[in-house]
Amino acid sequence: MGRRYLPSWESQFPWLRYSCTEDAAYCKYCVVFRDEGGLFSSKGFTDWKNAVGNKRSTLKSHDDSVDHRNAVEKAKNFISVCEGKKPSICSSLSKAYEDKVKKNHDILLSIIDVIIVLGQRNIALRGNWDKIAHQEDGNFQFFINWKSNFDTVLKDHLETAHKSMTYLSPQIQNELIQCCELEIRERIVQKCKASGFYSIMADETTDVSVTEQLSLCIRYVDNDTCEVREDFFRFVEPKEVDAEHIANAIVNNLEKWGLPLQKLRGQGYDGASVMSGHVSGVQQRIREQCPDAPFVHCKSHNLNLVVTQSCKDVRQIRNLMSSVGQMTWFLCASHKRKTILNSFTGNTKLVDDMLEGLQNEEEDVDIKLLKKGTDVSVKRLCETRWTARVDTVSSLLANYKSVHAALTKIENVSTSDARTNASGYRRYLEDPECIVAVLVAQFVLSILKPLTLFLQKTDCNMVDAFEESKILLELLQEKRTEEIFFRTFQARYCHSRCY
């Protein structure tokens, strides 16, 4: 006792700091802000016996000294200036300096404004290098020059600033983008924390550079608007695409941004075994750490799986989807064949004939999709989302004559495999089984599409999803009659004579 430093002294003297390497005590204020050297600023205090006491208290004497109080005052002023609570000495003494700071602030805001607008419109910032002008010829540079026409501060900056201080280089662009990213994510995190609880949604995807990425989204209730929000959080690149690494990547990013797992109340993924596995999948690994976060399979994906299996169980529909998929790739993969197809499509008279007698049913979604099909050429078949294939089927049905005529011409002008394939697809389109399958598939899938889109809405809840599904089942049962079938068949086939 009395021969060593006691940490309890720091409660009475908060400025006191102890150096283990030097076995000496210092004053944190005097070390930085004292003008001249002293015992607690440079040498270090080691007289532990006389540190405190009634007769001779060195710590109390230093606490009452004028030099110490001046150092404390300087420290408080420095912190206030850093936090923006007080103006700095330079800005107080020099109005010109303050104006310069404001000008630089306005310049950066103008540049950031262009970056945000391009980002909101999903427009790339950079382009090719202009060798003549010795500058980048990209969207960012173009809109900076355009904005300078009515932004006098930005125009003056571009005309007077040194080339190395324009804040327009790719490095500065990336830094500003990262600053915007941090600001946006921080706001999302703050709103998520304020809501109390949150859930996560994640899905794997591969970008154009064939890099596996995990898109992570946060779902929570916004306290300001009382609305459910689904905000994109960030792209995560897991070391491996197995359940362990994906789960660790999700948990580490949540903890990194201060979102506690104890507040996690749900997980939403697709049905892949890596994500949804109940033994060692991502959802199970996260649930072991957070038991209150059950896994919910994406209902739109669930519907897609049901439709996929149902279509595969019907031979005619299965053959139709396979043949249409191969045919669309055959027509679109070659520029010559695509040009021939485009020369025949665009005639709306076929659809006008097909829609004859159905003008009293303009609200039918399949009729709207059929009308939409006349505005585009034949689309390629979606390989994963079967409910999205209604666009391709509608496009094919709306351009049935044109596709048939295009295949006939390709068969006549081509040789070898192209002629054989075109002949096979043409004969398939002439097959009554194909015609009926196209009509039925377009009719049924068009009824399913609204439910698919509804299940993907941000404000979709379990009650509404159940009601919409119930209405869809009742509608399908209602449409499943001989009368509806013959009326649909006559409207789409007999009145149009598909080929």
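Everything here concerns the structure above.
Here's a quick rundown of the structure. If you're wondering where the values come from, they're calculated on a predicted model, not measured in any experiment.

### Re the packing of helix α16 (residues 335–344) against helix α20 (residues 400–413)
- Following both chains from N to C, one finds α16 and α20 inclined at 140°, their axes separated by 8 Å at the closest point. Considered as vectors, α16 and α20 are oriented oblique to each other. Every pair of crossing elements has a handedness; the one defined by α16 and α20 is right-handed. Taking contact as the criterion, the partners of K336, R337, I340, L341 and F344 in α16 are, on α20, S402, V403, A405, A406, K409, I410 and V413.
- Residues that form the contact of α16 with α20 fall into these classes: 8 nonpolar, 1 polar and 3 charged.

### Some remarks on the environment of G38
- Its location among the elements puts G38 in the loop between α2 (28–33) and α3 (39–43).
- On the accessibility criterion, G38 (11% relative accessible area) is buried.
- Between the C-alpha atom of G38 and that of H68, which follows or precedes it by 30 residues, the distance is 9.9 Å.

### Re the packing of aromatic side chains
- In total, this model carries 16 aromatic pairs according to the counting rule given.
- Within the aromatic cluster, the residues linked to one another by ring pairs are Y5, W9, F13, W15, Y18, F40, F45 and W48.
- Above the plane of the ring of F233 lies R185, whose end atom (NZ or CZ) is 5.8 Å from the centre.

### Notes on the side chain of Q213
- Within the secondary structure layout, Q213 lies in strand β6 (residues 212–222).
- Residues contacting Q213, with those up to four places away along its chain left out, are D203, E204, T205, D207, F235, V236 and E237.

### What about unusual backbone geometry?
- With a phi angle near 55°, C226 is a residue other than glycine that sits in the positive phi range.
- Assignment of secondary structure puts C226 in the loop between β6 and β7 (227–236).
- Judged by relative accessible area, which is 64%, C226 ranks as exposed.
- A positive phi angle is found at S416, which is not glycine, with a value near 55°.
- With respect to the element layout, S416 can be found in helix α21 (residues 416–430).
- Owing to a relative accessible area of 54%, S416 belongs among the exposed residues under this scheme.

Calculation notes
Residues numbered from 1 in each chain as written. Predicted model: local features only at pLDDT ≥ 70, side-chain atom pairs only at ≥ 80, totals over all residues. Heavy atoms only, no water. Axes fitted to C-alpha atoms, helices over the stretch in contact; angles between N-to-C directions. Helix = DSSP H or I, 4+ residues; strand = E, 2+ residues; numbered from the N terminus. Parallel < 35°, antiparallel > 145°, perpendicular 65-115°, else oblique. Left-handed = near helix turned anticlockwise from the far one by under 90°. Contact = heavy atoms within 4.5 Å. Nonpolar A, V, L, I, M, F, W, Y, C, P; charged D, E, K, R; others polar. Buried < 20%, exposed > 50% of the residue type's maximum accessible area, 1.4 Å probe, protein only. Phe/Tyr/Trp six-rings, centres within 6.5 Å; stacked < 30°, edge-to-face > 60°. Lys NZ or Arg CZ within 6 Å of the ring centre and 35° of its normal.

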